[in-house]
Structures are given as C-alpha cells and as structure tokens.
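# Working through the structure, step by step
Okay, here's what each chain looks like letter by letter:
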Amino acid sequence: MSGRRLDQTASLTAQFNAWQRAAESMQRDGLLNDPQSGWFVTHPLLRAALTSPAAARWGLRLVDRWCAGLHALIVLRRRVSDDEVRSAARSGIGQVVMLGAGFDTSSQQLGSLPVTVFEVDAPTTQQAKQHLIAGNRGDESRLVWVPCDFERDDLTSRLLGAGFDTAAPSLVVWLGVTYYLTEAALESTLAQLTKLCAPGSRLVLDYGDPDIVGPDSRRREVRRGSRSVSRRGEPYRTGMTARQADELPARQGFQITEQLRIPELLRRYDPTGARALAPGDWTTVVTACLLYTSPSPRDLSTSRMPSSA
C-alpha cells in the first residue's frame, strides 16, 4: 500500500495479516506453521485473540464470516510463497526479493536453504520489524534490509545498492500489493523487474477480480473488503480477469506457469476440507517465470510501489 501510510496504519494492516498467520499456526489442523508471525502482533485486541487456540479459532471464524475467502488467501498465498522459495533454492536460485514485505516471516524459516532474502519496504515499517525481530532473537543472518520510500525512492538503485545481483536468477514475491496499483504502475514495475532480474527468475503475485474496484460488487464479501480499504484511504485500484493477468506479465517477458483461485488453493492444501475455511472466490495467486530480460538496469525509471498488506 502507499508510502503515505505511516507506521500506525501500515503496521495495523500488516499486524492483522500476521495475526491471521499466527492464529492459523495455533490450530491443531492448521494449514500453516508460522508461529513467528506472532512476534509482530502488538495490538491488544489481536494479542488477546492469540492467548489460546480456541480464542484464535473464534477470531478466524469471525474473519471468515465477515469476508469469505480472506483468511484462506492470507494463509495459502504464504504456502505458495514457501513452496516457491524451496523450489527456487533446489534449482539454484539464491536470491529472494520480497516487495512490500510487511511482516512476512519467510526470512525466519529458511532452515538450511542457501538463500538470501532482500526485504523491500517503507523505512518506518522496517524499523518496527527490525526491533521486533531483535526482541525475539530472530535470525537476520541472511536478511538484507532494503528501505524504500515508494513515493520518493528508486527501487532499482535501492536493490543494487543493497548488493542485488542482476546476473543471477531470483525469486520475486509480490503479494498483497497489485490491488492498490493502477495498471500503468503494475506494468511499470514488471518492466523494472524484467530489467533487474536474470532470465529464469521467478515471480509470485496475487490479484483480485475486476469487481473489487468500487463499493458496488454484487458479492457481499467483495463489497465489505472494498469498503474497508476505502475507509482507510487505500482503495482497490485494479482488478483483473485471468486473461488480463496472463497478458500483463507476458508483455514484459514473463510466462505464467500457474493461476490458482482460492477454492483451488484449498483443494491443494486442504484436500479433505478439514479446516472448513470459507472459500470465497474473488482472488488469484499467480506464479510466473522470466523468459528474457530487457537492457541494462541503468535504463530503469523510478518505480512507485506500495507496501504489502
């Protein structure tokens, strides 16, 4: 989301997603194992909902009732990201870029994977995250902080200054962001990634359906989500059809390898339906591979990207 959002608002949004991941990790039949997300939940009400598995489950049920599919998306897009990090490492990719990283904890769960994680986000959010990781004795040994004010700073120069290797393939994880950008900004960012990343690089992103834009969707969960972000001053700006989501990255050299909607994610990661999560069908997680690159990164123009929710 936009760099206009300073620490309070940004951290509360990021905390809500971190809380969902932590709460899911507390469930006996949970679909995610990410207890480190709880490090970043400091809001009293959210903390109260992590005092026991029962309290966490009750809170997650409320989320499902309020916006069907939201919790499944938050949890399962992280599962896709985790799978892609492991797959990339097995194929020799050692650079992971988290665009708008928020309170993502991938860097804390690398184990023996030979991977360096470049976290790109607003300085205020990163400062809060650094403090909480240090307070919980987290591992920063393979984490490179890339502070980037998305309203003023150039993504490319920031990454290059942090030691990003443009000659080596990388995995770019870009989740919870495309909803808030215009299509022109999406295309501009993808163009920069094409120039920054070597052929064979991979991309994970998610997007919403066209009717997420505006408050008048016929679907209740979409209306609620759209109105909620609009009240925070960060309205959804872009939704896409599957065909548009194929064409947009393709224009910049990316080949889509998979598009998975929420019900399909649930069938993959919860085939027996044990968690009984609401399957609201309004978003998609995409994986893609970069087939070719554009000219030198020195030719890149300034990117303006929001921070992940």
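Right, let's walk through the structure included here. Keep in mind that what you see is a predicted model, and the values were worked out from it rather than measured.

Let's shift gears to the overall build of the protein. Summing up its helical and strand segments, the protein has ten helices and seven strands in all. On C-alpha atoms alone, the protein measures out to a radius of gyration of 18 Å, which is about the 19 Å that the 2.2 N^0.38 rule sets for 309 residues. Expressed as a percentage of its 309 residues, the buried residues of the protein come to 56%. In the protein, the share of contacts with a sequence separation of at least 24, taken over all contacts with a separation of at least 6, comes to 77%.

Aromatic rings in a pair are described by how distant their centres are and how their planes are angled relative to each other. The tally for this structure, following the rule as stated, stands at seven aromatic pairs. Measuring from ring centre to ring centre gives 5.8 Å for Phe-118 and Phe-164, while their planes differ by 80 degrees; the resulting arrangement is edge-to-face. With Phe-118 in strand 2 (residues 116–121) and Phe-164 in the loop between helix 6 (155–161) and strand 4 (170–174), the pair connects residues that are 46 residues apart, well separated along the chain. As far as the burial class goes, Phe-118 and Phe-164 line up, both buried. Between Tyr-179 and Tyr-236, the aromatic rings sit 5.7 Å apart at their centres with planes inclined by 40 degrees, giving tilted as the arrangement. One end of the pair, Tyr-179, is in the loop between strand 4 and helix 7 (183–196); the other, Tyr-236, is in the loop between helix 8 (220–231) and helix 9 (242–250), and 57 residues separate them in sequence. For the pair Tyr-179 and Tyr-236, one class covers both residues: buried. By the ring-pair criterion, three or more aromatic residues cluster together here, those being Trp-39, Phe-40 and Phe-103. The cationic tip of Lys-129 hangs over the ring face of Phe-40; the distance from NZ or CZ to the ring centre is 6.0 Å.

Turning to the pattern of salt bridges, a few remarks are in order. Tallied over the full model, the rule gives 18 salt bridges. Several salt bridges share partner residues, and in doing so they unite Arg-21, Asp-34, Arg-78, Asp-82 and Asp-104 into one network.

Here the largest pocket is characterised by a volume of approximately 600 Å³. Residue lining of the largest pocket: 28 residues in total, with Phe-16, Asn-17, Trp-66, Leu-70 and Arg-232 positioned closest to the centre. Listing elements by their share of the lining of the largest pocket, those giving two or more residues are helix 1 (7–25), helix 2 (44–48), helix 3 (53–66), helix 4 (70–90) and helix 8. In terms of residue count, helix 1 provides more of the lining of the largest pocket than any other element does, five residues in total.

So, how was this worked out
- Each chain carries its own residue numbering, running from 1 in the written order of its sequence.
- For this predicted model, a pLDDT threshold of at least 70 governs which residues receive local features, and a threshold of 80 or more governs which side-chain atom pairs are given and counted, while totals over whole chains, interfaces and linings are taken from all residues.
- Derived side-chain values reflect all non-hydrogen atoms in the structure, with water molecules and hydrogen atoms excluded from consideration.
- The way it works is that DSSP assigns letters per residue, a run of H or I at least four long becomes a helix, a run of E at least two long becomes a strand, and they are numbered from the N terminus.
- As defined in this context, the radius of gyration uses C-alpha atoms, and a globule is described by 2.2 Å times the residue total to the power 0.38.
- Partly exposed residues are those whose accessible area sits between 20% and 50% of the maximum for their type, while under 20% is buried and over 50% is exposed, using a 1.4 Å probe and protein chains only.
- In what follows, residue pairs with any heavy atoms lying within 4.5 Å of each other are defined as contacts.
- Side-chain rings of Phe, Tyr and Trp (the six-membered ring for Trp) are treated as a pair once their centres are within 6.5 Å; stacked means planes under 30 degrees apart, edge-to-face means over 60, and tilted covers the remaining angles.
- Sitting over a ring, as applied to charges here, requires NZ of Lys or CZ of Arg to be within 6 Å of the ring centre and within 35 degrees of the ring normal.
- The salt bridge criterion pairs a side-chain nitrogen of Lys or Arg with a carboxyl oxygen of Asp or Glu, the two atoms within 4 Å.
- Put plainly, a pocket is an open set of points on a 1 Å grid over the protein atoms alone with protein on both sides within 12 Å along at least five of seven lines, a cavity is a set where a 1.4 Å probe fits but cannot get out, and a lining residue has an atom within 4 Å of a point.
- Grid points are joined across faces, edges and corners, and a volume is the space filled by probe spheres set on the points.

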